[in-house]
Amino acid sequence: MARKFFVGGNWKCNGTAEEVKKIVNTLNEAQVPSQDVVEVVVSPPYVFLPLVKSTLRSDFHVAAQNCWVKKGGAFTGEVSAEMLVNLNIPWVILGHSERRALLNESNEFVGDKVAYALAQGLKVIACVGETLEQREAGSTMDVVAAQTKAIADRVSNWSNVVIAYEPVWAIGTGKVASPAQAQEVHDELRKWLAKNVSDDVAATTRIIYGGSVNGGNCKELGGQADVDGFLVGGASLKPEFIDIIKAAEVKKSA
Ligand SMILES: O=C[C@H](O)COP(=O)(O)O
């Protein structure tokens, strides 16, 4: 089964209601490949989810940027998976490196969140990736494998999981991984899944790349055999996000 190209736009903690409406208008007017070719998901901050959900074209979907690790209750400031399901928000991003680093989310905590969100019926974009220090120490794959293992230990059905490989040193820095660097980790990760989960999960799970993806570098990155799409930060707030969605065509013609 071919893996459908996936393009996620992570808006992070950005935007006013006016800016959000503008971005949605741009997306709604864009000519992009059909849903058979590319799955597009945008992830606004929580407060804008209802606005985006109700105004975005129906062939694009929405994701929350996080959710709580278990059922809601006395957890001030948190949003539960059940609430997202209640609002028909189909996707959630979990384990983003900004949350791992700034909010001390451990591999185990992220694994628990992924398992809980999936059990509630959400689809999950699970993020993994190494820091520059870890890359320079030669431990990229150990780090990425440990992050993925914490998910694999808790999840048996991978059909609603997309893995986002996001090297921390490439996020928001303009220092994009080279196509060869991205392909190398994606390939290793797929082999890890084959060995530790199953050949079927390895063959069907989408592994997308994130970190300084833009309209200029997306085609070459997307042309790599094991790069199944992108998780885009900064450029997802700009009209060039449309060009990144169109990079899905490179797989069609491959
Ligand atoms: O989730 C998206 C990533 O953090 C990438 O962000 P960026 O495209 O701004 O480097």
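Residues numbered from 1 in each chain as written. Predicted model: local features only at pLDDT ≥ 70, side-chain atom pairs only at ≥ 80, totals over all residues. Heavy atoms only, no water.

- As recorded in an unreviewed UniProt entry, the protein goes by Triosephosphate isomerase, cytosolic and comes from Eruca vesicaria subsp. sativa.
- Taken directly from UniProt, the Catalytic activity (unreviewed entry) text for the protein runs: "D-glyceraldehyde 3-phosphate = dihydroxyacetone phosphate".
- The record in UniProt for the protein states the following under Sequence similarities (unreviewed entry): "Belongs to the triosephosphate isomerase family." (UniProt positions renumbered as here; feature names shortened; annotations may be inferred.)

## Thoughts on the overall build of the protein
Piece 1. The helix and strand inventory of the protein stands at 12 helices and 8 strands.
Piece 2. Here the C-alpha atoms of the protein give a radius of gyration of 17 Å, agreeing with the 18 Å that 2.2 N^0.38 yields for 254 residues.
Piece 3. Its C-alpha atoms give the protein principal-axis dimensions of roughly 50 × 45 × 35 Å.
Piece 4. Scored against the burial criterion, the 254 residues of the protein give a buried share of 53%.
Piece 5. Restricting to contacts in the protein with at least 6 residues of sequence separation, those with at least 24 account for 73%.
Piece 6. Summed over all atoms, the accessible surface of the protein reaches about 11400 Å², with 51% contributed by carbon and sulfur.
Piece 7. One finds the centroid of the 26 positive side-chain charges in the protein at a distance of 4 Å from the centroid of its 29 negative side-chain charges. (Helix = DSSP H or I, 4+ residues; strand = E, 2+ residues; numbered from the N terminus. Rg over C-alpha atoms; globule rule 2.2 N^0.38 Å. Buried < 20%, exposed > 50% of the residue type's maximum accessible area, 1.4 Å probe, protein only. Contact = heavy atoms within 4.5 Å. Areas by Shrake-Rupley, 256 points an atom, 1.4 Å probe, with all protein chains shown as cover. Lys, Arg positive; Asp, Glu negative; His and termini not counted. Charge placed at Lys NZ, Arg CZ, Asp CG, Glu CD.)

## A look at helix H8 (residues 179-196)
Piece 1. The end-to-end C-alpha distance of H8, which contains 18 residues, comes to 25 Å, matching closely the 26 Å that a straight helix rising 1.5 Å per residue would cover.
Piece 2. All of the buried residues along H8 are Pro179, Ala182, Gln183, Val185, His186, Leu189, Arg190, Trp192 and Leu193. (Expected span 1.5 Å × (residues − 1).)

## As for the environment of glycine 111
Piece 1. Along the chain, glycine 111 falls in helix H5 (residues 107-119).
Piece 2. Put simply, glycine 111 and leucine 94 are 17 residues apart on the chain and 8.9 Å apart in space, counted from C-alpha to C-alpha.
Piece 3. If sequence neighbours within four positions are ignored, glycine 111 has contacts with Ala150, Ile151 and Arg154.

## Considering the pattern of salt bridges
Piece 1. Under the counting rule described, the total for this entry stands at 13 salt bridges.
Piece 2. With a shortest N-O distance of 3.9 Å, arginine 3 and aspartate 226 are connected by a salt bridge. Taken together, the residues arginine 3 in the segment before strand E1 (5-10) and aspartate 226 in the loop between helix H10 (218-222) and strand E8 (229-232) connect sequence positions 223 residues apart.
Piece 3. Of the charged contacts in the structure, one is a salt bridge between arginine 190 and aspartate 228, with a shortest N-O distance of 2.7 Å. Taken as a pair, arginine 190 in helix H8 and aspartate 228 in the loop between H10 and E8 lie far apart in primary sequence, 38 residues in all.
Piece 4. What you see here is one network of salt bridges that share partners, running through Arg3, Arg190, Asp226 and Asp228. (Salt bridge = Lys/Arg side-chain N within 4 Å of Asp/Glu carboxyl O.)

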